[in-house]
Amino acid sequence: MPTGKQEYDQMAKKAAPPSKKGKDLFFAFLFGGLICTLGQALNVLYAYLGFSETEVKAATPVTLIVVTAALTGAGVFDKIAKVAGAGTFVPITGFANAIVSPAMEFRAEGRVLGTGAKLFSIAGPVIVYGVSAAVVYGLIAYIFHLY
């Protein structure tokens, strides 16, 4: 007699369509590459417009974040992500989407308890553990004079 877990696994297998891994890999690579190419094009454009190196390094990610946030807010980024899959997880665009999506989902609950409270519900742990890892690395580098 199958256990509850075995029954669930059988039911889930019937309900979930099989993944087309080759197609998924292709589109993830394609869209991830396009996002990176867009970032490089923005670098070149901003340098051409006379931005300093520091300004280019700031303007490019800010532009990618704003564009991703706007596309997420308009519901377009989710449609792209359905086709692109993991290709949209390129860190800067994935992070922007992870911040805007929960805020959009809970906006009906108000600006403070909805949008404000949920803004970092997904990205918050990433920030916390990223900063924590940076502090630990910094302490190790300081103690062992690795800087």
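Residues numbered from 1 in each chain as written. Predicted model: local features only at pLDDT ≥ 70, side-chain atom pairs only at ≥ 80, totals over all residues. Heavy atoms only, no water.

- Per an unreviewed UniProt entry, the recorded name for the chain is Stage V sporulation protein AC, and the organism is Candidatus Fimenecus excrementigallinarum.

1. What about the packing of helix α3 (residues 53-73) against helix α5 (residues 91-105)?
Item 1. With their axes 8 Å apart at the nearest point, α3 and α5 run at an angle of 35° to one another. Handedness of the crossing formed by α3 with α5: right-handed. In this structure, α3 uses P61, L64, I65, T68, A69, T72 and G73 to contact α5, whose residues at the interface are I92, T93, A96, N97, V100, S101 and M104.
Item 2. For the contact of α3 with α5, a count of residues per class yields eight nonpolar, six polar and no charged. (Axes fitted to C-alpha atoms, helices over the stretch in contact; angles between N-to-C directions. Helix = DSSP H or I, 4+ residues; strand = E, 2+ residues; numbered from the N terminus. Left-handed = near helix turned anticlockwise from the far one by under 90°. Contact = heavy atoms within 4.5 Å. Nonpolar A, V, L, I, M, F, W, Y, C, P; charged D, E, K, R; others polar.)

2. A few points about the packing of helix α2 (residues 21-48) against helix α4 (residues 76-84)
If you want to describe how two helices pack, look at the angle between their axes and the distance between the axes.
Item 1. α4 packs onto α2 with a crossing angle of 130° between their chain directions and a minimal axis gap of 8 Å. Compared by their axis directions, α2 and α4 come out oblique. Contacts between α2 and α4 pair F27, A28 and F31 from the former with I80, V83 and A84 from the latter. (Parallel < 35°, antiparallel > 145°, perpendicular 65-115°, else oblique.)

3. Concerning the side chain of T63
Item 1. Position of T63 among the secondary structure elements: in helix α3.
Item 2. At 2.6 Å, the side chain of T63 and the side chain of Y46 are in polar contact. (Polar contact = N/O pair within 3.5 Å; in protein donor to acceptor, adjacent residues only side chain to side chain.)

4. Quick notes on the confidence of the model for the chain
Item 1. Here the chain shows a mean pLDDT of 87. Residues at 70 or above account for 97%.
Item 2. Across the chain, α3 holds the top mean pLDDT of 95, while helix α6 (residues 111-118) sits lowest at 74. (pLDDT = per-residue confidence, 0-100.)

5. Focus: the side chain of T60
Item 1. Here T60 shows up in helix α3.
Item 2. On the basis of relative accessible area, T60 is assigned to the buried category, the value being 7%.
Item 3. In this structure the side chain of T60 is engaged in a polar contact, spanning 2.7 Å, whose partner is the side chain of N43.
Item 4. Within polar-contact distance, the side chain of T60 engages the backbone oxygen of V56 at 3.1 Å.
Item 5. What T60 contacts, discounting residues up to four positions off in sequence, is G39, L42, N43 and Y46. (Buried < 20%, exposed > 50% of the residue type's maximum accessible area, 1.4 Å probe, protein only.)

6. Section: the nonpolar core
Item 1. Counting five residues, the largest nonpolar core is built from L42, Y46, V56, A59 and L64.
Item 2. Every element with two or more residues in this core is listed here: α2 and α3.
Item 3. The biggest single contributor to this core is α3, with three residues. (Core = buried A, V, L, I, M, F, W, Y, C linked by side-chain atoms within 4.5 Å.)

7. With respect to the environment of A134
Item 1. Note on placement: A134 falls in helix α7 (residues 123-143).
Item 2. On the accessibility criterion, A134 (48% relative accessible area) is partly exposed.

8. Describing the packing of aromatic side chains
Item 1. According to the stated counting rule, one finds three aromatic pairs in the structure shown.
Item 2. Taking the centre distance of 5.0 Å and the plane angle of 15° together, the rings of Y46 and F51 count as stacked.
Item 3. Using a relative accessible area of 12% as the deciding quantity, one classes Y46 as buried.
Item 4. Taken together, the ring pairs connect F26, F27 and F31 into an aromatic cluster. (Phe/Tyr/Trp six-rings, centres within 6.5 Å; stacked < 30°, edge-to-face > 60°.)

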